[in-house]
Amino acid sequence: MATTTPPKRLGTLGIDIGGSGIKGAPVDLTTGELLADRLRIPTPQPSRPEAVAEIVKQITEHFADLCEGPVGVTFPGVVTGGVTRTAANVDKRWIGLDADTLFEEATGRSFSVINDAQAAVMAEVRYGAGRHVDGMILMLTFGTGIGSGLTYRGISMPGIEFGHVRIDGVDAEVNASANARDREGWSWSQWTKRVNVYLEHIENMIWPDLIIVGGGVSEKAEKWLPKIKTRAPIVPAELTNEAGIVGAALIARQK
Ligand code: BGC
């Protein structure tokens, strides 16, 4: 009996640019699942735009047969209208750069660039920890810096930068990021004290219905989340490492 090969499912490519790695995978946007193992390539140091664009091109070519349509990319700084506006933890040459055009010229594909935490909150709201919550959802990602994304009834907005709230004259991410814990050699309790001070500042300004914590530390949530005191319920991200990739793909589809 003749057999037929099932048609290949095509996904939307999401790429997550981080300080140490650039990760990409095709995403099935009906379920939020990755359609293939993600590809991770170390971030070039220094993270100059042209060098990063070369990696984005490699990832795009690697998944060319599995993806269709525009590509979504996350960036660890403010992004408005496809232009990268800040670069707290990456090469300063990104400031004021038209990143959509940079990637489009490097690859010949259409691109949408978005802030990493904004992408993550969109993915969590659609497929993860925020999917059953109506109202305001704040996501905070604890990594090299602190990323923040805010949604209200599924609508997110760019330019939410709660990692740079000043506490005692110092950027919050200097003392409350996961990087600060590693740098200072703090125990979970010592670090959690700083995170509680930080979250108190945040909850003095906004009243979210749910707080989702992401970044590598969210995978060890049992070590520190029980020590956190917030007014709103606070939960770890469900998509963990994949939230950026999935959120990037979501924004690409909106293009
Ligand atoms: C940047 C944010 C970013 C966060 C996490 C912060 O330093 O200002 O835009 O989301 O780091 O990468």
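Higher on the page you've got the structure.
Now for a description of the structure that goes with this document. Please read these numbers as outputs of a predicted model, since none were measured by experiment.

Cut-offs used in this document
- Residues numbered from 1 in each chain as written.
- Predicted model: local features only at pLDDT ≥ 70, side-chain atom pairs only at ≥ 80, totals over all residues.
- Heavy atoms only, no water.
- Helix = DSSP H or I, 4+ residues; strand = E, 2+ residues; numbered from the N terminus.
- Rg over C-alpha atoms; globule rule 2.2 N^0.38 Å.
- Contact = heavy atoms within 4.5 Å.
- Areas by Shrake-Rupley, 256 points an atom, 1.4 Å probe, with all protein chains shown as cover.
- Lys, Arg positive; Asp, Glu negative; His and termini not counted.
- Charge placed at Lys NZ, Arg CZ, Asp CG, Glu CD.
- Buried < 20%, exposed > 50% of the residue type's maximum accessible area, 1.4 Å probe, protein only.
- Pairing = 2+ DSSP bridges.
- Phe/Tyr/Trp six-rings, centres within 6.5 Å; stacked < 30°, edge-to-face > 60°.
- Near = heavy atom within 4 Å.
- Polar contact = N/O pair within 3.5 Å; in protein donor to acceptor, adjacent residues only side chain to side chain.
- 1 Å grid on protein atoms, 1.4 Å probe; cavity = no way out; pocket = protein on both sides within 12 Å on 5 of 7 lines; lining within 4 Å.
- Sits in = over half its atoms within 2 Å of the grid points.
- Nonpolar A, V, L, I, M, F, W, Y, C, P; charged D, E, K, R; others polar.
- Axes fitted to C-alpha atoms, helices over the stretch in contact; angles between N-to-C directions.
- Points joined across faces, edges and corners; volume = space filled by probe spheres on them.

### Here's the deal with the overall build of the chain
Phase 1: The secondary structure content of the chain amounts to seven helices and 16 strands.
Phase 2: Taking 255 residues into account, the globule formula puts the C-alpha radius of gyration at 18 Å, and the chain, at 18 Å, falls close to it.
Phase 3: C-alpha atoms of the chain, sized along the principal axes, occupy 65 × 45 × 30 Å.
Phase 4: Long-range pairs, those at least 24 residues apart, make up 64% of the contacts in the chain with a sequence separation of at least 6.
Phase 5: A total accessible area of about 11900 Å² is found for the chain, and carbon and sulfur atoms account for 51% of it.
Phase 6: The centroid of the 26 positive side-chain charges in the chain is displaced by 4 Å from the centroid of its 30 negative side-chain charges.

### Digging into the pairing of strand β11 (residues 146-152)
Taken residue by residue, a regular strand's side chains alternate between the two faces of the sheet.
Phase 1: Summarising burial for β11: six of the seven residues are buried, a large majority.
Phase 2: Inspection of the sheet shows strand β10 (residues 136-142) paired to β11 by seven bridges, in the antiparallel sense. Looking at the pairing, L138 lines up with L150 of β11.
Phase 3: Linkage of β10 to β11, two consecutive antiparallel strands, is achieved through a turn of three residues.
Phase 4: Where β11 lies against strand β12 (residues 155-156), two bridges are found, and the strand directions are antiparallel.

### A few points about the packing of aromatic side chains
Phase 1: Enumeration according to the criterion identifies eight aromatic pairs in this entry.
Phase 2: Seen from their ring centres, F103 and F111 are 5.5 Å apart, and the 40° between their planes marks the pair as tilted. Neither F103 nor F111 differs from the other in exposure class; each is buried.
Phase 3: Clustering of aromatic rings is evident, with ring pairs tying together F142, W188, W191, Y198 and W224.

### Remarks on the site of the ligand
Phase 1: Taken together, P76, G77, V78, A88, N89, N115, D116, I146, G147, E161, H164 and E173 make up all the residues around the ligand.
Phase 2: At 2.7 Å from an oxygen atom of the ligand is found a side-chain nitrogen or oxygen belonging to H164.
Phase 3: One nitrogen or oxygen atom from the side chain of E173 is found 2.9 Å from an oxygen atom belonging to the ligand.
Phase 4: Notes on the ligand: free accessible area 310 Å², of which the protein chains cover 94%.
Phase 5: Judged by the proximity of its atoms to the pocket grid, the ligand belongs to the largest pocket.
Phase 6: Looking at the shell around the ligand residue by residue, the classes come out as four nonpolar, five polar and three charged.

### Considerations on the sheet that holds β11
Phase 1: Here we have five strands laid out as an open sheet, ordered β12-β11-β10-β15-β16, and mixed in their pairing. A strand with exactly one partner marks an edge of an open sheet, and here the two such strands are β12 and β16 (234-236).
Phase 2: Together, β10, β11, β15 (210-214) and β16 form the strand contacts of helix α6 (residues 188-205), whose direction differs from that of β10 by roughly 150°.

### A word on the layout of surface pockets
A water-sized probe rolled over the atoms picks out the places where empty space is left.
Phase 1: Reported here for the largest pocket is a volume of approximately 1000 Å³.
Phase 2: Around the largest pocket, the lining is made up of 47 residues, and of these D116, T141, G143, T144 and G215 lie nearest the centre.
Phase 3: Here the residues of the lining of the largest pocket sort into 15 nonpolar, 22 polar and 10 charged.
Phase 4: For the second largest pocket, the calculated volume is near 200 Å³.
Phase 5: As for the second largest pocket, its lining consists of 15 residues, of which I114, Q118, S156, I251 and Q254 are closest to the centre.
Phase 6: Of all the secondary-structure elements, those providing two or more residues to the lining of the second largest pocket are β6 (79-80), β9 (111-115), α3 (116-127), β12 and α7 (243-254).

Fair warning: the whole summary comes from geometry, so function is off the table for now.
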